[in-house]
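Listed below are the residues making up each chain.
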Amino acid sequence: MFIGIDIGTSSSKGVLADADGTIRARAERPHGVSTPRPGWFEHDAETVWWADFVAIARELVDAAAGARLDGLGISGIGPCVLPADARGNPLRPAILYGVDTRATVEIDELTAELGAEAVLERAGSPLTSQAVGPKLRWLARHEPEVYADTRMLLMASSLLVHRLTGRYVLDHHSASQCTPMYDLRKREWASDWSEHCAPGLVLPELAWPTEVVGRVSTEGAAATGLPEGLPVTTGTVDAWAEAASVGVRAPGDAMVMYGTTMFLVQILTQPQPHPGLWGTCGVWPETYSLAAGMATSGAVTDWLRRLVGREFGDLVAAADKVPAGSRGLLMLPYFAGERTPLFDPDARGIIAGLTTSHGDAELYRAALEGTAYGVRHNLEAMSDAGGRARRLVAVGGGTKGGLWTHIVSDVTGLPQELPAETIGACLGDAMLAAEAAGIDTSTWNPVTSIIEPDQDRTARYETYYRHYRHLYESTTDIAHFLAAEQHRTAT
């Protein structure tokens with residue numbers, strides 16, 4: 001039996017699975033995100049990452065009821081910047097992935113110093129809010145006392161691996177998101193650029209997510225309830241573990257993850273850099289990937305739910321009765337800026353076409369449609385890079401209820417496969433641990449249904465999508481002015 005545990009943005013989840021992929025137990029712990037300033041997103045590694053892991057591990061070990069455990073896989077949000085001392089103790093809260101936009105000045109500086117084309121060619125991705133290098137420079141500049149004491153660069157998965165095994169190690173995929181500090185084609189740290197971004201920092205060893213990098217120590221067993229000696233794999237970023245959980249591993253396979261943020265991963269056999277996307281290593285040594293991520297998706301629908309004081313089920317049912325186009329509403333879902341393919345941290349949310357006849361049902365559907373337009377925008381960028389998706393798999397909590405996934409298929413004109421389990425990255429973690437133990441996981445989590453687009457709605461959405469693209473372009477100056485005002489009044 002295998003345990004998989006994932007540390008997500010708004011919750012942590014775990015599964016206990018047997019060798020044929022049957023889930024024997026599940027566990028979940030919700031948690032929050034700290035936003036001490038506009039554009040800052042942080043997690044406390046002790047009270048969120050470690051505390052959640054310990055609680056879930058103990059629950060799953062109890063559920064195993066004495067059965068032999070054969071492996072542990074771990075994933076987490078990333079890329080993150082958690083500075084730690086020589087013993088792996090966090091020195092400040094972790095700075096989260098691309099939703100955290102504090103290092104805009106450093107992004108511009110490093111782009112100018114290294115060259116935008118050189119960064120894209122060598123690292124596979126442009127320097128954006130997703131990049132680790134600029135955030136390390138921000139740390140050295142704004143919190144020099146923390147940087148001076150930093151001896152380890154950790155992420156959610158590598159913190160947990162270090163606590164359990166004592167190894168200071170990071171998987172190749174996560175490292176490839178440490179732009180510009182990793183050479184994508186050589187698959188190794190770019191030592192010259194790493195030193196340029198983070199002078200004096202010793203970077204972790206590198207391994208692949210399916211490698212066993214250690215075993216649970218005596219101390220790790222006492223803290224978590226896991227058996228001493230349990231094999232622990234390297235771990236990886238949650239979205240790639242989630243892609244693994246639904247069999248997205250062949251060239252042309254793509255995953256759309258419906259969650260707090262929308263995320264897309266497409267599998268490639270070679271790097272295909274695009275200035276509006278992230279190019280990374282894959283989970284397996286023979287693969288690469290293109291990735292895209294929106295800054296918000298489920299976060300906007302949750303904001304709207306809290307604003308109107310209704311439950312999700314009620315809103316989904318009401319929005320399902322609203323025709324395509326939300327009776328003339330168009331929403332830009334850039335409520336926390338936007339990541340791919342705009343890379344505009346100062347983009348802002350816009351709801352166009354409002355009248356007094358519109359209600360919460362129309363607003364909720366417009367929010368779902370806005371995220372669907374964003375998915376299409378990203379898929380078009382992937383196609384421009386030469387990575388046209390031949391198979392689309394939908395995962396994540398947002399697939400429940402059906403309306404959101406149907407809207408995405410209608411907007412994109414593409415079918416989406418739905419697997420039996422959409423629990424997410426933790427199942428992928430268990431699967432990767434099983435692969436490390438030599439188990440064939442090809443029959444895990446089969447597809448159970450396919451969502452087909454409705455041709456009439458697809459044709460209707462075509463016009464809305466064109467206006468969606470134009471709305472951002474025509475309001476950028478206004479959005480940036482308002483963002484500057486928000487930053488000014490917050491300080």
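All figures in this text were calculated on a predicted structure; none of them were measured in a lab. (Residues numbered from 1 in each chain as written. Predicted model: local features only at pLDDT ≥ 70, side-chain atom pairs only at ≥ 80, totals over all residues. Heavy atoms only, no water.)

Enquirer: Please explain the packing of aromatic side chains as it appears in this structure.
Expert: One pair of aromatic rings is described through two measures. These are the centre distance and the angle between the planes. Scanning the entire structure with this criterion turns up 15 aromatic pairs. Summarising the aromatic geometry, the rings of Tyr373 and Tyr465 are spaced 6.4 Å apart at their centres and angled 45° between planes, so their arrangement reads as tilted. Highlighted residues: Tyr373 in helix 13 (residues 360-384) and Tyr465 in helix 16 (residues 455-490), separated in sequence by 92 residues. Each of the two residues, Tyr373 as well as Tyr465, counts as buried. In textbook terms, an aromatic cluster arises when at least three aromatic residues are bridged by ring pairs, as seen for Tyr334, Tyr373, Tyr461, Tyr465, Tyr468 and Tyr472. Positioned above the aromatic ring of Trp138 is the side chain of Arg102, whose terminal nitrogen or guanidinium carbon lies 4.8 Å from the ring centre. Here the basic side chain of Arg187 rests over the ring of Tyr288, its NZ or CZ set 4.1 Å away from the ring centre. (Phe/Tyr/Trp six-rings, centres within 6.5 Å; stacked < 30°, edge-to-face > 60°. Helix = DSSP H or I, 4+ residues; strand = E, 2+ residues; numbered from the N terminus. Buried < 20%, exposed > 50% of the residue type's maximum accessible area, 1.4 Å probe, protein only. Lys NZ or Arg CZ within 6 Å of the ring centre and 35° of its normal.)

Enquirer: What am I meant to see in the packing of helix 11 (residues 298-308) against helix 13 here?
Expert: Packed helices, taken two at a time, are described by the angle between their axes plus the distance between the axes. At a minimum axis distance of 9 Å, the contact between helix 11 and helix 13 shows a crossing angle of 170°. In terms of orientation, helix 11 and helix 13 fall into the roughly antiparallel class. Across the interface between the two elements, Val300, Thr301, Leu304 and Val308 of helix 11 pack against Asp360, Leu363, Tyr364, Ala367 and Leu368 of helix 13. Each residue belonging to the contact of helix 11 with helix 13 can be placed in one class, and the counts come to 7 nonpolar, 1 polar and 1 charged. (Axes fitted to C-alpha atoms, helices over the stretch in contact; angles between N-to-C directions. Parallel < 35°, antiparallel > 145°, perpendicular 65-115°, else oblique. Contact = heavy atoms within 4.5 Å. Nonpolar A, V, L, I, M, F, W, Y, C, P; charged D, E, K, R; others polar.)

Enquirer: I would appreciate a short explanation of the pairing of strand 17 (residues 263-268) in the present structure.
Expert: Looking along a regular strand, one sees side chains alternate from face to face of the sheet. Along strand 17, 6 of the 6 residues are buried, which leaves the element largely enclosed by surrounding structure. Bridging between strand 16 (residues 253-257) and strand 17 involves 4 bridges; their strand directions are antiparallel. Bridged to Ala254 within strand 17 is Gln266. Pairing of strand 17 with strand 19 (residues 288-293), which is carried by 6 bridges, proceeds in the antiparallel orientation. Bridge pairing in strand 19 links Ile267 to Ser289. (Pairing = 2+ DSSP bridges.)

Enquirer: Would you mind going over the environment of Ile107 with me for this structure?
Expert: Relative to the helices and strands, Ile107 resides in helix 2 (residues 104-114). Setting aside residues no more than four positions away along its own chain, Ile107 makes contact with Leu127, Thr128, Ser129 and Pro134.

Enquirer: How should the pattern of salt bridges be read in this particular structure?
Expert: Where charged atoms of side chains with opposite charge meet at close range, the side chains can pair. Tallied over the entire structure, the rule returns 31 salt bridges. Arg122 is the partner of Asp183 in a salt bridge, and the nearest nitrogen-oxygen pair spans 3.1 Å. Residue Asp183 is located in strand 10 (residues 182-183), and its partner Arg122 is located in helix 3 (residues 116-123); the two are separated by 61 residues in the primary sequence. Judged by relative accessible area, Asp183 falls into the buried class, the value being 7%. Residue Arg122 is classed as partly exposed on the basis of its relative accessible area, which comes to 22%. Two residues, Glu380 and Arg376, come together in a salt bridge whose shortest N-O distance is 3.0 Å. Taken as a pair, Glu380 and Arg376 lie in helix 13 at a separation of 4 residues, close to a single helical turn. Salt bridges sharing partners connect three or more residues here, namely Glu42, Arg92, Asp100, Arg102 and Glu143. (Salt bridge = Lys/Arg side-chain N within 4 Å of Asp/Glu carboxyl O.)

Enquirer: Honestly, the packing of helix 13 against helix 16 in this entry has me stumped. Any pointers?
Expert: Two numbers describe how helix 13 lies on helix 16: the axes approach to 10 Å, and their chain directions differ by 80°. Between helix 13 and helix 16, the crossing angle belongs to the class labelled roughly perpendicular. Contacts between helix 13 and helix 16 involve Arg365, Glu369, Gly370, Tyr373, Gly374, Arg376, His377 and Glu380 from the first element and Tyr461, Glu462, Tyr464, Tyr465, Tyr468 and Arg469 from the second. By residue class, the composition of the contact of helix 13 with helix 16 is 5 nonpolar, 3 polar and 6 charged.

So, to be careful, I would describe these as geometric facts and stop short of saying anything about function.
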